[in-house]
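Each chain, written out:
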Amino acid sequence: MIRLKDIKASYGQKITLDNINYSFLDGKITAIVGMNGCGKSTLLKTIVGLMSPLSGQVFIDNQDIKLLSDQKRAQQIAYLPQNRNIPVISVGRMVLHGRFPYLSYPRRYKKEDYEITNHAMERIGILELKDRNMAELSGGERQKVYLAMALAQETKTILLDEPTTFLDINYQLEILKLLTDLRNEGKTVISVLHDIGAALTVADQLVVMQAGKILMSGAPDEIYDSGILEQVFHIKEHCFFDEHKKKHYYFTFQSE
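Residues numbered from 1 in each chain as written. Predicted model: local features only at pLDDT ≥ 70, side-chain atom pairs only at ≥ 80, totals over all residues. Heavy atoms only, no water.

Caption draft 1: Highlighting the overall build of the chain. Tallying secondary structure elements over the chain gives 9 helices and 12 strands in all. At 19 Å, the chain has a C-alpha radius of gyration in line with the 18 Å of a compact globule built from 256 residues. Judged by the C-alpha coordinates and their principal axes, the chain covers about 60 × 45 × 30 Å. Relative to its full complement of 256 residues, the chain shows a buried share of 52%. Counted over contacts in the chain with a minimum sequence separation of 6, partners at least 24 positions apart contribute 60%. (Helix = DSSP H or I, 4+ residues; strand = E, 2+ residues; numbered from the N terminus. Rg over C-alpha atoms; globule rule 2.2 N^0.38 Å. Buried < 20%, exposed > 50% of the residue type's maximum accessible area, 1.4 Å probe, protein only. Contact = heavy atoms within 4.5 Å.)

This is the structure we're talking about:
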């Protein structure tokens, strides 16, 4: 379990996280939502150890992450940032990077590493891209490569920062389906999601942030019924059920 205790963080003089206390559910999808600049990405970076909080502690299975080496931390949490440079490297070599936390000096891949990498690519559906260069891929294909790399890392927890942003709708749906599949396989998934409707649809738990604080957390229906999304995003929320009794969400301006 990942637990945050009294976390306070800043960029320069600006406080970006203010007294955050939260425990993420194991084996579930938690979606973090909120307006731009509210601290969502900072929260992920703090969890994974890329940012050191001004005060407070981050625990992984009751261990303070400050006491874990970078290698040990990477064996427990995989992190996919929102933006990254596109390396001039093959897909297979990129996914193989997920095995770095398990390499000892000198860094030489073993047969097991290649097998795990191939299985991850097959699992995500990109094995046929293995020899393609990353620079030749579409945004959706690259995002699937990064997800395969995280899968090859064999961690219990995967953190993602807006994994569907700027992707075509078919890739958005495919990535969201992959996240639910990983949850169903026992992974803990923590993701910042820009699409509120998608967050309500795929997540088991939502965390609503504003100005560096967690305003509310709960199951999707609880969050929807509370009206907190209307308050934070200045929108009007709506839902309907399709012929299969599946709930769908959409939003309009509050004036409509």
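Caption draft 2: Examining helix α1 (residues 40-48) more closely. The buried count for α1 comes to 7 of 9 residues, which makes it a mostly enclosed element. Regarding α1, the residues found buried are Lys40, Thr42, Leu43, Leu44, Thr46, Ile47 and Val48. Trailing α1 by a residue or two, glycine 49 shows a phi angle of about 95°, which is positive.

Caption draft 3: Spotlight on the environment of lysine 28. Along the chain, lysine 28 turns up in the loop between β2 (14-23) and β3 (29-33). The partly exposed category is assigned to lysine 28, whose relative accessible area is 36%. A sequence separation of 176 residues divides lysine 28 from aspartate 204, and the C-alpha atoms of the two residues are 6.0 Å apart.

Caption draft 4: Quick peek at the packing of aromatic side chains. For the structure on display, the rule yields 5 aromatic pairs. Centre to centre, the rings of phenylalanine 240 and tyrosine 250 are 6.3 Å apart; their planes meet at 55°, and the pair counts as tilted. You can see phenylalanine 240 sitting in strand β11 (residues 235-241) and its partner tyrosine 250 sitting in strand β12 (residues 247-253), a full 10 residues away along the chain. For phenylalanine 240, a relative accessible area of 40% translates into the label partly exposed. Linked through ring pairs, Phe100, Tyr109 and Tyr114 together constitute an aromatic cluster. A cation over a ring is seen here: arginine 3 above phenylalanine 59, with NZ or CZ 4.3 Å from the ring centre. Stacked on the ring of phenylalanine 100, the Lys or Arg arginine 107 has its end atom at 5.1 Å from the ring centre. (Phe/Tyr/Trp six-rings, centres within 6.5 Å; stacked < 30°, edge-to-face > 60°. Lys NZ or Arg CZ within 6 Å of the ring centre and 35° of its normal.)

Caption draft 5: Spatial organisation of the nonpolar core. Judged by nonpolar contacts, the single largest core of 53 residues is most densely connected at Val91, Val95, Ile126, Met134, Val145, Leu147 and Leu229. In terms of residues, this core owes the most to one element, helix α5 (residues 139-152), which gives 8 residues. If we ignore the near neighbours within four places in the chain, the residues touching isoleucine 126 are Val91, Val95, Met121, Lys144, Val145 and Ala148. Counting 25 residues, the second-largest nonpolar core is a separate cluster that includes Ala9, Leu17, Leu68 and Val192. (Core = buried A, V, L, I, M, F, W, Y, C linked by side-chain atoms within 4.5 Å.)

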